[in-house]
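# Summary of the model geometry
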Amino acid sequence: MKMKLLTNCLITGLVIVVLSCNKKGTTIDPCASINYTITYSKTESVGTSNNGTITIQAPRGDTINYSLNSGSFQSSWYFTNLAPGNYVVTIKNQKGCTDTAQIIILNYGPKYALVKQIILGYCGPCHLNGGNDGGRNYDTDANIVAAKNVIKTRTVDGIPSFMPQAPNSPLSSVDKQKIVDWINAGGTTSN
Ligand code: HEC
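In this report, we go over the structure that sits alongside the text. (Residues numbered from 1 in each chain as written. Predicted model: local features only at pLDDT ≥ 70, side-chain atom pairs only at ≥ 80, totals over all residues.)

### Examining the pairing of strand β6 (residues 85–92)
Every other side chain in a regular strand lies on the same face of the sheet, so the side chains alternate between the two faces. Both strand β4 (residues 65–68) and β6 contribute to a ladder of four bridges, which runs antiparallel. Residue S67 lies in a different strand from β6, and its bridge partner there is T90. Bridging between β6 and strand β7 (residues 98–105) involves eight bridges; their strand directions are antiparallel. Bridge pairing in β7 links T90 to T100. Between β6 and β7, which pair antiparallel in sequence order, lie five residues; one of them, G96, sits at a positive phi of approximately 85°. (Pairing = 2+ DSSP bridges. Helix = DSSP H or I, 4+ residues; strand = E, 2+ residues; numbered from the N terminus.)

### Description of the sheet that holds strand β3 (residues 52–58)
The strands making up a sheet are joined through hydrogen bonds of the backbone, oriented either antiparallel or parallel. Here we have three strands laid out as an open sheet, ordered β1-β3-β5, and antiparallel in their pairing. Strand pairing shows two members of the sheet lacking a second neighbour, β1 (39–43) and β5 (78–82), which therefore form its edges. Across the sheet, the mean angle separating the axes of adjacent strands is 15° when strand polarity is ignored. Looking at chain direction, β1 and β3 are connected through five bridges and run antiparallel. In the strand pairing of β3, Y40 is matched with I56. (Axes fitted to C-alpha atoms, helices over the stretch in contact; angles between N-to-C directions.)

### With respect to the site of the ligand
Close contacts around the ligand come from 18 residues, with C123, C126, D133, G134 and A166 the closest. Taken together, the elements giving at least two residues each to the shell around the ligand come down to α2 (110–122) and α4 (148–157). Per element, the largest residue contribution to the shell around the ligand is four residues, and it comes from α4. Grouping the amino acids of the shell around the ligand by side-chain chemistry returns 10 nonpolar, five polar and three charged. (Near = placed C-beta within 6 Å. Nonpolar A, V, L, I, M, F, W, Y, C, P; charged D, E, K, R; others polar.)

In structure tokens form, the structure reads like this:
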């Protein structure tokens, strides 16, 4: 009787050890404490050239690798020659922990791409990164398209004046023409 109890005890003990081992194996996740915030910049694809780019700004470092749409992992945080579309960038650290970011590469028309360059180059900080001088913010394509006529009036025609404080005002005649050509072609992001 005594022996039998002892045998039962041992068996129970063994079962408990095995179970707790398994539990330990599944609950201790080496990636649990790792939480990346992925930040990136991108440039859109222009016309039919499939020349979009994605630049992962963080995380970076010797132990971080990057993959685009389940492609092989690479150490470079820069992806080029991208067609318009939806992308998933996966980052992986030395422990195999991964995180993903969804990124959309848009398709810009060639004329709009030139205008966007002018805006990004010359209209900040006053109208970019939240800047809203004169009630105008140009962070989104929708805002730029909606404002195209007043953009032309103030930067091409100078009516009632060119922007007095802006360092590149008035724009060069080449840049003014880019705005005119874009609006004449339709003034959307695909023109
Ligand atoms: C240094 C700051 C600064 C820069 C750079 C600047 N602006 Fe402005 N912008 C202003 C201010 C301030 C106003 C409001 C006063 C006024 O209308 O002159 C304004 C007003 C405007 C308006 C008129 C809004 C309206 O509803 O009448 C337009 C359009 C505009 N900016 C477009 C542009 C564009 C396009 C660029 C770049 C090519 C640019 N601005 C660069 C400061 C700036």
